[in-house]
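Spelled out, the chains give:
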Amino acid sequence: MKIIQIDGIRGLVTALFIGVCLFAGFVVFPGLVAMHYWNKYLVNLFMFPMLNLFQGVLLWAIVAISYFILSKKGLAVSFKNTPELSDEELDMILKKSKVSSQMKMMNKIISKSDKFDFSNKKDTKKSSDKTDVPFVSSSFSVKKQDSVEKTDDDKVSNIK
């Protein structure tokens, strides 16, 4: 069941405005168009009587109702309530959406890691050819470690 809540005078004025606009847009304007075309073509060509706005609205109503009666499709707008989800179904949908979002994130990460930049590959080959340094993380640089080892050797040789 749908509930529309209207609060105070401002809500009433807004609801009235919406109702008038809908009535004007779906009833009066097509009636005005029907009256205009009737008076423009049928009065001059076949000497039919002229219509006023009320008669134009009635003409529009006759055309619209005839169309709905003669068409096999019926109304294109239907009003139905959707079935409510149980708590278990809602939890299942939420779990599926969570897994789906995690899978999208993982796929994005994997697709970014699969990309290979050839310009960086050339630079890394040149630097690895110059120095044969194993790829080990260390807080000390390789050159400092070599110098530390040499100074230790020098101290030991001085003692002898």
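Keep in mind that what you see is a predicted model, and the values were worked out from it rather than measured.

**A closer look at the side chain of Asn-39**
With respect to the element layout, Asn-39 can be found in helix 1 (residues 8-46). Not counting chain neighbours up to four residues away, the residues in contact with Asn-39 comprise Asn-44, Pro-49, Met-50 and Leu-51.

**Let's talk about the packing of aromatic side chains**
To describe a pair of aromatic rings, you give the distance between the ring centres and the angle between the ring planes. Counted according to the given criterion, the structure contains four aromatic pairs. Taking 6.0 Å as the distance between ring centres and 10° as the angle between the ring planes, the aromatic pair formed by Tyr-37 and Tyr-41 counts as stacked. Remark: Tyr-41 and Tyr-37 occur in helix 1; sequence separation between them is four residues, near one turn of the helix. On the basis of relative accessible area, Tyr-37 is assigned to the partly exposed category, the value being 45%. Note on Tyr-67 and Phe-68: the rings are 5.6 Å apart at their centroids and 65° apart in plane angle, and the pair reads as edge-to-face. Judged by relative accessible area, Phe-68 falls into the partly exposed class, the value being 40%. Three or more aromatic residues link up through ring pairs in this structure, and these residues are Trp-38, Phe-46 and Phe-48.

The rules behind these values
- Residues numbered from 1 in each chain as written.
- Predicted model: local features only at pLDDT ≥ 70, side-chain atom pairs only at ≥ 80, totals over all residues.
- Heavy atoms only, no water.
- Helix = DSSP H or I, 4+ residues; strand = E, 2+ residues; numbered from the N terminus.
- Contact = heavy atoms within 4.5 Å.
- Phe/Tyr/Trp six-rings, centres within 6.5 Å; stacked < 30°, edge-to-face > 60°.
- Buried < 20%, exposed > 50% of the residue type's maximum accessible area, 1.4 Å probe, protein only.

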